[in-house]
Amino acid sequence: MDLDTSKLEVNFMPPATLYTPINGRMYTLTHSDTTAMRFLDVGIDYNYSAISQELRDELLGKWCLLNNNSYMLFFYAFIGNLDFQSASKKYDIFKYHIPSALEYIFYGDRYLLNQYKELKNTPIYIKFDSTFPMFNNYEYYGFIHDYML
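Residues numbered from 1 in each chain as written. Predicted model: local features only at pLDDT ≥ 70, side-chain atom pairs only at ≥ 80, totals over all residues. Heavy atoms only, no water.

Peer 1: Account for the sheet that holds strand β5 (residues 71-80), naming residues and giving values.
Peer 2: Read from one edge of the open sheet, seven strands run β1-β3-β2-β4-β5-β6-β7, paired in mixed fashion. A single partner strand is all that each edge strand has here, and the edge strands are β1 (8-12) and β7 (137-143). Within this sheet the neighbouring strands show an average axis-to-axis angle of 20°, counted without direction. When strand β6 (residues 123-130) meets β7, the two strands line up antiparallel, connected through five bridges. Residue pairing for β7: isoleucine 126 is matched across the bridge by glutamate 139. Where helix α1 (residues 84-108) meets the sheet, it contacts β1, β2 (26-31), β3 (38-43), β4 (59-65), β5, β6 and β7, and its direction lies at approximately 145° from that of β5. (Pairing = 2+ DSSP bridges. Helix = DSSP H or I, 4+ residues; strand = E, 2+ residues; numbered from the N terminus. Axes fitted to C-alpha atoms, helices over the stretch in contact; angles between N-to-C directions. Contact = heavy atoms within 4.5 Å.)

Peer 1: Requested: an account of the environment of glutamate 9, with residues and values cited.
Peer 2: With respect to the helices and strands, glutamate 9 occurs in strand β1. Between the C-alpha atom of glutamate 9 and that of leucine 29, which follows or precedes it by 20 residues, the distance is 9.9 Å. Setting aside residues no more than four positions away along its own chain, glutamate 9 makes contact with Met37, Arg38, Phe39 and Leu40.

Peer 1: Could you give an account of the pairing of β4, naming the residues involved and the relevant values?
Peer 2: In the sheet, β2 pairs with β4 via four bridges, with the strands oriented antiparallel. Pairing of threonine 28 across the sheet is with leucine 60, part of β4. Linkage of β4 to β5, two consecutive antiparallel strands, is achieved through a turn of five residues, within which asparagine 69 is found at a positive phi near 65°.

Peer 1: Help me get a handle on the nonpolar core, residues and values and all.
Peer 2: Of all hydrophobic cores here, the largest spans 34 residues; its most connected members are Tyr27, Trp63, Phe75, Leu102, Phe106, Ile124 and Phe128. Listed by contribution, the elements that provide at least two residues to this core are β2, β3, β4, β5, α1, α2 (110-115) and β6. When residues in this core are grouped by element, the largest group, nine residues, is from α1. (Core = buried A, V, L, I, M, F, W, Y, C linked by side-chain atoms within 4.5 Å. Buried < 20%, exposed > 50% of the residue type's maximum accessible area, 1.4 Å probe, protein only.)

Peer 1: How would you sum up the environment of isoleucine 44? Please name residues and give values.
Peer 2: Looking at where isoleucine 44 falls in the secondary structure, it is placed in the loop between β3 and β4. Of the residues examined, isoleucine 44 reaches a relative accessible area of 47% and is grouped as partly exposed. As for isoleucine 44 and isoleucine 79, which are separated by 35 residues in sequence, their C-alpha atoms are 24 Å apart. In contact with isoleucine 44, not counting residues within four places along its chain, are Pro15, Ala16, Pro21, Gly24 and Met26.

Peer 1: So, the packing of aromatic side chains: which residues are in play, and what are the values?
Peer 2: Scanning the entire structure with this criterion turns up 13 aromatic pairs. Note on tyrosine 140 and phenylalanine 143: the rings are 6.1 Å apart at their centroids and 85° apart in plane angle, and the pair reads as edge-to-face. Residue classification places tyrosine 140 among the partly exposed positions, given a relative accessible area of 44%. For phenylalanine 143, a relative accessible area of 29% corresponds to the partly exposed category. Grouped by ring-pair contacts, the aromatic residues Phe84, Tyr91, Phe94, Phe128, Phe132 and Phe135 constitute a single cluster. Between arginine 110 and the ring centre of tyrosine 107, over which it is positioned, the NZ or CZ distance is 4.0 Å. The ring of tyrosine 138 has lysine 127 lying over it, and the distance from NZ or CZ to the ring centre is 5.6 Å. (Phe/Tyr/Trp six-rings, centres within 6.5 Å; stacked < 30°, edge-to-face > 60°. Lys NZ or Arg CZ within 6 Å of the ring centre and 35° of its normal.)

Peer 1: Describe the layout of surface pockets, naming the residues involved and giving the relevant values.
Peer 2: Roughly 520 Å³ of internal volume is contained in the largest pocket. Contributing to the lining of the largest pocket are 23 residues, with His31, Asp33, Asp57, Ile93 and His97 lying nearest its centre. Mapped onto the lining of the largest pocket, the elements with two or more residues apiece are β2 and α1. Examining the composition of the lining of the largest pocket, we find that 10 residues originate from one element, α1, more than from any other. (1 Å grid on protein atoms, 1.4 Å probe; cavity = no way out; pocket = protein on both sides within 12 Å on 5 of 7 lines; lining within 4 Å. Points joined across faces, edges and corners; volume = space filled by probe spheres on them.)

Below, the structure is given as structure tokens:
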């Protein structure tokens, strides 16, 4: 993992803190193409004001408590209703960048993950949202510990 932690800015939006909540905790990861900075907002809602309405290349995540008192982590990637070639390209770009995006998110929220070590075994799913069925799906991305330093 070649994580450049100096390129990550983390913002905890109250009432979210370094350690609470877990259930319903949400991530908004955006970035700057010009500076290569990543911006991670952690809260109980997404930071909609950080999302570029033109690009829509953010990654949104949410912790969900299951009936057996374990968690799942769901992410959302918006492909949109582009033409086929553009949708295919955007999907491929997301797929290429998602592993490093997950590394940045889990590094940014490392205090929570180190406090509750069992959370590192949480499975990750990503919902790709597209008008084309081949890009409109859920994909399994392993476990949190797969993306941690």
